[in-house]
Amino acid sequence: ISADTLPIEYMAQVTFTSIDSFPIMAIPFFIAAGVFMGAGGLSRRLLKLADEIVGGLYGGMGLTAIVTCMFFGAISGSGPATVAAIGTLTIPAMVERGYDKLFAAAVVAAAGAIGVMIPPSNPFVVYGVAGQASVGKLFLAGITPGILTGLALMATAYVIARKNGWRGEARPRSLKTVGRAVGEAKWALLVPVIVLGGIYSGIVPPTEAACVSVFYA
């Protein structure tokens, strides 16, 4: 443009046609679903459920943050949205309980990366469009690596927390309390089932599944 080799109108046209893609519409819809559910308090319910599962271990709040990021990543498909929604809840809680603030920030930032691996994943949508690949198959391929990455991150956080003596919250936990937390978070837990189930069963393609997730949210 600076060398006057291309007209500015051409650049505007290329920019528009580059994003004029029906599958890419899934990205803002998935992000919107995550925003709506976060505003509705479902992220707090997911946090409570994760706390019931792993909160009593060494590094309990750190492990809770990681599990919650895995849950929320399966809703929003966005790493930054996951970090913003979960980090604002878990980082102050970890610092208040004596965790190092750098450790708290690093755990949530690293766990946010899981949000773009566990489907639905916005980068998978972009890659599918750019590489002419099946978005549904990319989603399916991201499940196992996402879970393994989360487990590896949890193991690392547990070792560091045990070394520094950062214990979880000591309170009674039982199948009854876990079941109560599952009941409170059931509407959020159904989102991946609805979205991925709709895609893999062939009922709806990814973009329509993203629209359904927003309506559900």
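Not measured: the values here are computed from a predicted model.

To continue, consider the packing of helix 4 (residues 60-76) against helix 6 (residues 101-112). One way to put it is that helix 4 packs onto helix 6 with a least axis distance of 9 Å and a crossing angle of 20°. Our classification of the angle between helix 4 and helix 6 gives roughly parallel. Where helix 4 crosses over helix 6, the two elements pack in a sense that is right-handed. Here G62, A65, I66 and C69 of helix 4 lie close against helix 6, whose contacting residues are V107, V108, A111 and G112.

For the coordinates displayed, the defined rule picks out five aromatic pairs. Residues Y58 and Y158 carry aromatic rings whose centres are separated by 6.2 Å and whose planes lie at 80° to one another, so their mutual orientation is edge-to-face. With Y58 in the loop between helix 3 (42-54) and helix 4 and Y158 in helix 8 (residues 135-164), this pair connects stretches of sequence that are 100 residues apart. Centroid distance Y99 to F103: 6.2 Å. Interplanar angle 15°. Geometry classified as stacked. Residues Y99 and F103 agree in their burial class; the two are buried. Among the aromatic residues, those joined into a ring-pair cluster are Y99, F103 and W166.

Rules used throughout
- Residues numbered from 1 in each chain as written.
- Predicted model: local features only at pLDDT ≥ 70, side-chain atom pairs only at ≥ 80, totals over all residues.
- Heavy atoms only, no water.
- Axes fitted to C-alpha atoms, helices over the stretch in contact; angles between N-to-C directions.
- Helix = DSSP H or I, 4+ residues; strand = E, 2+ residues; numbered from the N terminus.
- Parallel < 35°, antiparallel > 145°, perpendicular 65-115°, else oblique.
- Left-handed = near helix turned anticlockwise from the far one by under 90°.
- Contact = heavy atoms within 4.5 Å.
- Phe/Tyr/Trp six-rings, centres within 6.5 Å; stacked < 30°, edge-to-face > 60°.
- Buried < 20%, exposed > 50% of the residue type's maximum accessible area, 1.4 Å probe, protein only.

Don't take any of this as a statement about function, it's just geometry.
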